[in-house]
Amino acid sequence: MTELALSEAVPLAHVAVDRVARDHDVRVLFIKGPTAVAQGLRAERVSLDVDALVDPSRRRVLVEALTELGWVDENPYTSPTVLPMHSLTHRHPSWPCELDLHDRFPGFFAEPQDVFEHLWARRSSVEVATQQVPCTDRTAQALVLALHALRDPHDPTKAAELSDLVGRVSASFDAEALGDLAELARDLGAADTAAPFVSAVGGPPAGVGTTSAEDLRAWRLRTEPTQTTAVSWVDSLRRLPKRSWPRYLWYAATLSDKELRLANPGLAPGRAPLLRARATRLRRGLAALPGAIRDVRAQARAERNRRPR
């Protein structure tokens with residue numbers, strides 16, 4: 001059986017998703033990957049997946065259509081997260097790439113439907129696999145790439161991506177474009193989350209300070225600690241009534257068999273590998289717990305200090 005290479009599959013999958021979406025009257029905007037390369041915002045490289053921002057009100061329609069074609073949603077976790085789950089990951093046995101279908105993008109705190117409508121109104125298109133596919137315009141794409149990098153500031157790869165993006169935007173955006181960038185960040189609820197990027201490229205501080213305390217707290221808990229998974233659990237735990245703690249902690253430590261296998265696709269069949277995976281998860285969780293507690297407490301103190309006296 002002939003297998004597609006990633007360099008072939010990713011462009012073709014963009015076109016396939018676009019065709020399925022159009023056939024079912026679903027609006028999609030492709031982000032990152034080949035569309036960012038075509039817009040001069042990312043260096044040429046082979047992408048691992050297809051990222052599409054989908055009309056939130058119609059994403060389920062697209063999911064069902066792709067499921068009929070053999071694309072399976074393999075999102076492994078039903079566990080709580082600091083930020084809302086923003087995408088569904090689909091895989092197909094005959095394709096080496098994944099599809100990430102977003103109904104929102106982390107760092108945009110305006111209502112997801114409002115964000116999509118705003119981006120759709122100013123959409124662009126680029127050529128991928130000899131076909132024109134819809135994507136966010138260059139300014140919005142820059143914000144998406146910046147937030148993607150800022151979400152993991154401790155990752156050296158993401159830091160390098162952000163530095164490269166800052167250089168590309170600084171060299172190609174004039175004063176008017178930088179003003180539009182800052183205003184778009186404000187309109188999408190990203191004035192504060194994207195502020196380090198907007199400031200780095202010389203944009204004005206439009207809307208900085210307007211993000212709600214709850215949204216900023218979620219963003220900081222996701223981006224500032226180095227143990228974000230443990231922080232997510234600790235932060236969620238402190239919001240629950242104590243009677244719910246035992247069940248919650250048991251789930252956090254064990255997960256279901258299906259979730260463990262999806263999170264660890266290399267596990268061998270049988271019960272013993274599952275037991276070892278649970279033991280490893282428990283050890284890592286316990287090791288990360290003290291730091292997670294410190295991070296959550298530090299965020300709580302910082303929030304109290306920022307409140308007007």
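What you are looking at is a predicted structure, and each value in this text was computed from that prediction instead of being measured. (Residues numbered from 1 in each chain as written. Predicted model: local features only at pLDDT ≥ 70, side-chain atom pairs only at ≥ 80, totals over all residues. Heavy atoms only, no water.)

A. Looking closely at the overall build of the protein. Within the protein, the secondary structure is distributed over 13 helices and seven strands. Residues classed as buried in the protein amount to 45% of the 309 residues present. Sequence-distant contacts in the protein: of pairs separated by 6 or more residues, those separated by 24 or more amount to 66%. For the protein, the exposed area adds up to about 16100 Å²; of that, 53% sits on carbon and sulfur atoms. (Helix = DSSP H or I, 4+ residues; strand = E, 2+ residues; numbered from the N terminus. Buried < 20%, exposed > 50% of the residue type's maximum accessible area, 1.4 Å probe, protein only. Contact = heavy atoms within 4.5 Å. Areas by Shrake-Rupley, 256 points an atom, 1.4 Å probe, with all protein chains shown as cover.)

B. Structural view of the pairing of strand β4 (residues 87–91). With respect to burial, β4 is a largely interior element, four of its five residues being buried. Note that strand β3 (residues 72–73) and β4 share two bridges and pair antiparallel. Bridge assignment links V72 to a residue of β4, and that residue is R91. Sheet topology places β4 next to strand β5 (residues 98–102); four bridges connect them, and they run antiparallel. The residue of β5 that forms the bridge with H90 is L99. (Pairing = 2+ DSSP bridges.)

C. Structural context of the environment of A13. Inspection of the secondary structure assignment puts A13 in helix α1 (residues 6–23). Of the residues examined, A13 reaches a relative accessible area of 0% and is grouped as buried. Separated by 84 residues in the primary sequence, A13 and C97 place their C-alpha atoms 8.1 Å from one another. Setting aside residues up to four positions removed in sequence, A13 forms contacts with V50, W95, C97 and L99.

D. Structural view of the pattern of salt bridges. Inspection of every chain in the model, using the stated rule, returns 14 salt bridges. Among the ionic pairs, R45 bridges to E161, the shortest N-O distance being 3.3 Å. Of this pair, R45 sits in the loop between α2 (33–38) and β2 (49–54) while E161 sits in helix α6 (residues 156–172); the two residues are 116 residues apart in sequence, bridging distant segments of the chain. In this structure, a network of salt bridges that share partners links the residues R27, D55 and E117. (Salt bridge = Lys/Arg side-chain N within 4 Å of Asp/Glu carboxyl O.)

E. The arrangement of helix α4 (residues 112–121) in detail. The set of residues buried in α4 consists of P112, V115, F116, L119 and W120. Within α4, the buried residues cover an arc of 125° as seen down the axis, which keeps them to one side. Where the residues of α4 are buried, they touch β1 (28–31), β2 and α5 (138–150). (Arc of directions from axis to C-beta.)

F. Main features of the confidence of the model for the protein. Here the protein shows a mean pLDDT of 84. Residues at 70 or above account for 72%. Counted against residues more than four places away or in other chains, residues 78–83, with its pLDDT under 50, gives 18 contacts. (pLDDT = per-residue confidence, 0-100.)

G. Structural detail: unusual backbone geometry. Unlike most non-glycine residues, K32 shows phi in positive territory, near 60°. Relative to the assigned elements, K32 resides in the loop between β1 and α2. Classification of K32 by relative accessible area gives buried; the value is 9%. Phi angles above zero are rare outside glycine, and A129 is one such case at about 50°. On the secondary structure map, A129 appears in the loop between β6 (124–128) and β7 (131–135).

H. Highlighting the packing of aromatic side chains. Counted under the stated rule, the structure contains three aromatic pairs. When the ring of W71 is compared with that of W95, the centres are 5.7 Å apart and the planes differ by 45°; the resulting orientation is tilted. Of this pair, W71 sits in the loop between α3 (59–68) and β3 while W95 sits in the loop between β4 and β5, placing them 24 residues apart in sequence. Classification of W71 as buried rests on a relative accessible area of 6%. Seen from their ring centres, F116 and W120 are 5.9 Å apart, and the 20° between their planes marks the pair as stacked. Taken together, the residues span about one helical turn, with F116 and W120 both in helix α4 at a distance of four residues. Given the relative accessible area of 1%, F116 is considered buried. The ring of W120 carries R27 above its face, with NZ or CZ at 5.4 Å from the centroid. (Phe/Tyr/Trp six-rings, centres within 6.5 Å; stacked < 30°, edge-to-face > 60°. Lys NZ or Arg CZ within 6 Å of the ring centre and 35° of its normal.)

I. View of the pairing of β7. Relative to β7, β6 runs antiparallel, the two sharing five bridges. Within the sheet, the bridge partner assigned to V126 lies in β7 and is V133. A loop of two residues connects β6 with β7, the two strands running antiparallel in sequence, and A129 in this loop sits at a positive phi of about 50°.

J. Expanded view of the packing of α5 against α6. Running from N to C, α5 and α6 cross one another at 155°; their axes reach a closest spacing of 8 Å. By the angle class used here, α5 and α6 are roughly antiparallel. Two packed elements cross with a definite hand, and for α5 against α6 that hand is left-handed. In this structure, α5 contributes R138, A142, L145, A146, H148, A149 and L150 to the contact, and α6 contributes K158, E161, L162, L165, V169 and S172. (Axes fitted to C-alpha atoms, helices over the stretch in contact; angles between N-to-C directions. Parallel < 35°, antiparallel > 145°, perpendicular 65-115°, else oblique. Left-handed = near helix turned anticlockwise from the far one by under 90°.)

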